[in-house]
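Chain and residue survey
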Amino acid sequence: MTSLTQELMDLLTLERLEDGLYRGQSRNLVGKRVFGGQVLGQALRAASYTTDRPAHSLHAYFLFGGDIHVPIIYQVEKLRDGKSFVSRNVKAIQHGRVIFQAMVSFANQEDGLNYQIAEPDYPAPEKLRSEEELKQAFVNFVPENMRKAFTRRRHIELTPVNPVNPFDPQPEAPSQAHYMRTWDKIPAEVDDIALHQAIAAFCSDFTLMTTALRPHGLSYLSPNLQCASIDHTIYFHKPFRADEWLLHDMDATQSAASRGLNFGRIWQNGQLVCSTVQEGLIRLREIDLGRA
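Residues numbered from 1 in each chain as written. Predicted model: local features only at pLDDT ≥ 70, side-chain atom pairs only at ≥ 80, totals over all residues. Heavy atoms only, no water.

**A short note on the packing of helix H2 (residues 36–48) against helix H5 (residues 193–204)**
Stated precisely, the cut-off is as follows: Axis lines are fitted to C-alpha atoms, over the contacting stretch for helices. Their N-to-C directions set the angle, which ranges from 0 to 180 degrees. Starting at the N terminus, helices and strands are each numbered in turn, a helix being any DSSP run of H or I of at least four residues and a strand any DSSP run of E of at least two. Any angle from 65 to 115 degrees is called roughly perpendicular, while one under 35 is roughly parallel, one over 145 is roughly antiparallel, and all others are oblique. Each helix crossing is assigned a hand: it is left-handed if the near helix lies turned anticlockwise from the far helix by less than a right angle, otherwise right-handed if that turn is clockwise. Contacts are assigned to residue pairs that have any heavy atoms within 4.5 Å of one another. Ten residues, namely Ala, Val, Leu, Ile, Met, Phe, Trp, Tyr, Cys and Pro, are considered nonpolar, four, namely Asp, Glu, Lys and Arg, are considered charged, and the remaining ones, Gly among them, are considered polar.
At a minimum axis separation of 7 Å, H2 and H5 run at an interaxial angle of 155 degrees. Taken together, the axes of H2 and H5 lie roughly antiparallel to each other. In terms of crossing hand, the pair formed by H2 and H5 is right-handed. Of H5, the residues touching H2 (which contributes Gly37, Gln38, Leu40, Gly41, Leu44, Arg45 and Ser48) are Ala194, Leu195, Gln197, Ala198, Ala201, Phe202 and Ser204. Looking at the contact of H2 with H5, its residues break down into 7 nonpolar, 6 polar and 1 charged.

In structure tokens form, the structure reads like this:
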């Protein structure tokens with residue numbers, strides 16, 4: 001197994017401090033602040049430790065940027081343990097304040113009415129260039145002081161369907177998609193639905209917010225742009241495996257008031273397994289050209 005897959009599983013495995021209280025480690029995954037997907041995955045994992053049912057929805061707010069240098073404490077409050085649904089409230093705490101809060105609902109799979117929209121017709125991942133290959137193609141655009149961070153491998157294997165050069169963005173339709181999976185198979189001894197859901201939550205924060213930037217010819221690297229996740233929702237419809245290709249198909253419906261609203265659908269083997277929604281801050285800042 002590669003160290004990246006093991007590191008991801010370690011990141012999403014929390015230390016139990018006492019009933020309803022867990023500690024997760026932090027890593028520098030995207031820069032000075034904790035990656036939102038890390039907090040989503042860890043919060044979902046913390047809640048899952050308190051029930052034996054799989055999650056069916058998570059609704060979260062990012063309140064403050066997380067500190068990558070210290071662990072995060074997750075406080076899980078049991079709101080309901082019903083016959084059909086289990087409800088949990090999760091607070092992520094650093095330096096004595098709540099930086100993130102989520103409501104998570106759990107329910108067993110039931111038979112019932114069954115319908116889904118049609119899966120988009122995209123080329124298979126084997127016919128596309130991987131993110132690793134694309135980064136090498138873009139490397140000449142990358143400032144020397146950013147190359148190491150830009151070219152390092154993610155903890156998840158990604159293959160974009162319709163990539164753009166983030167250093168030279170052009171106006172595009174407000175949609176994008178990528179395939180994603182862990183680099184290696186999940187070992188049998190830790191293979192459970194809660195881990196696969198936590199990995200999907202971790203992955204769901206990749207690029208979703210940037211979909212609303214596409215029609216404006218901007219990217220997350222645009223120098224006059226401030227980006228941050230505000231809230232995040234995931235619906236888990238059907239079981240899936242995070243170590244097999246998942247397709248995250250995304251589109252944005254609006255950008256207004258310095259916010260962008262983005263929607264995603266996650267597919268596997270023709271089945272719609274998850275839906276995602278995220279609103280992000282996309283604020284343009286004035287650049288003072290008179291200051292060096």
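Having seen the model, we can carry on.
**Quick word on the sheet that holds strand S1 (residues 15–18)**
Convention followed: A pair of strands is considered paired only if DSSP assigns at least 2 bridges between the two.
Pairing is antiparallel across the open sheet formed by 12 strands, whose spatial order is S1-S2-S4-S5-S6-S3-S9-S12-S11-S10-S8-S7. The outermost strands of the open sheet, each flanked by one partner alone, are S1 and strand S7 (156–160). Going across the sheet, the axis of each strand differs from the next one's by a mean of 25 degrees, ignoring polarity. Bridging between S1 and strand S2 (residues 21–24) involves 3 bridges; their strand directions are antiparallel. When the sheet's bridge partners are listed, Arg16 is paired in S2 with Tyr22. Contacts between H2 and the sheet are confined to S2, strand S3 (55–62), strand S4 (72–81), strand S5 (86–94), strand S6 (97–106) and strand S9 (225–236), with S4 contributing the most and set at about 45 degrees to the helix. Contacting S3, S7, strand S8 (175–182), S9, strand S10 (246–256) and strand S12 (271–284), H5 runs over the sheet at an angle of about 150 degrees to S9.

**A word on the layout of surface pockets**
Rolled over the atoms, a probe with the dimensions of a water molecule shows which regions are left empty. How we decide: Throughout, the protein atoms alone are placed on a 1 Å grid, and a set of points is a cavity if a 1.4 Å probe fits but cannot get out or a pocket if it is open with protein on both sides within 12 Å along at least five of seven lines; lining residues have an atom within 4 Å of a point. Grid points are joined across faces, edges and corners, and a volume is the space filled by probe spheres set on the points.
One number sums up the size of the second largest pocket: a volume of about 610 Å³. Surrounding the second largest pocket, 24 residues form its lining, Gln109, Glu110, Phe236, His237 and Lys238 being those nearest its centre. Of all the secondary structure elements, the ones that give two or more residues to the lining of the second largest pocket are S3 and H5. Considering each element in turn, the lining of the second largest pocket owes the most residues, 3 residues, to H5. Residues of the lining of the second largest pocket, tallied by class, amount to 12 nonpolar, 9 polar and 3 charged.

**Some points on the nonpolar core**
Selection criterion: Working definition of a nonpolar core: buried Ala, Val, Leu, Ile, Met, Phe, Trp, Tyr and Cys residues. They are joined through side-chain atoms within 4.5 Å. Burial classes follow relative accessibility: with a 1.4 Å probe on protein chains only, a residue under 20% of its type's maximum area counts as buried, one over 50% as exposed, and anything between as partly exposed.
Counting residues in hydrophobic clusters, the biggest one holds 51 residues, and the most contacted among them are Tyr74, Phe100, Val104, Ile156, Ile199 and Phe202. Counting residues per element, this core draws most heavily on H5, at 7 residues. Contact partners of Phe100, with chain neighbours within four places excluded, come to Val39, Leu40, Ala43, Ala60, Tyr61, Phe62, Leu63, Val90, Lys91 and Ala92. One finds Leu128, Leu247, Trp267 and Leu272 within the second-largest nonpolar core, a separate group that totals 8 residues.

**Quick word on the pairing of S9**
Both faces of the sheet carry side chains from a regular strand, because those side chains alternate between them. When S3 meets S9, the two strands line up antiparallel, connected through 5 bridges. The partner of Ser57 across the bridge, within S9, is Tyr235.

**Things to note about helix H1 (residues 3–11)**
Counted only if it meets this: Working note: the arc is built from the helix axis to C-beta atom directions.
Taken together, the buried positions of H1 are occupied by Leu4, Thr5, Leu8, Met9 and Leu11. Along H1, the residues classed as buried sweep out an arc of 160 degrees about the axis, all on the same side.

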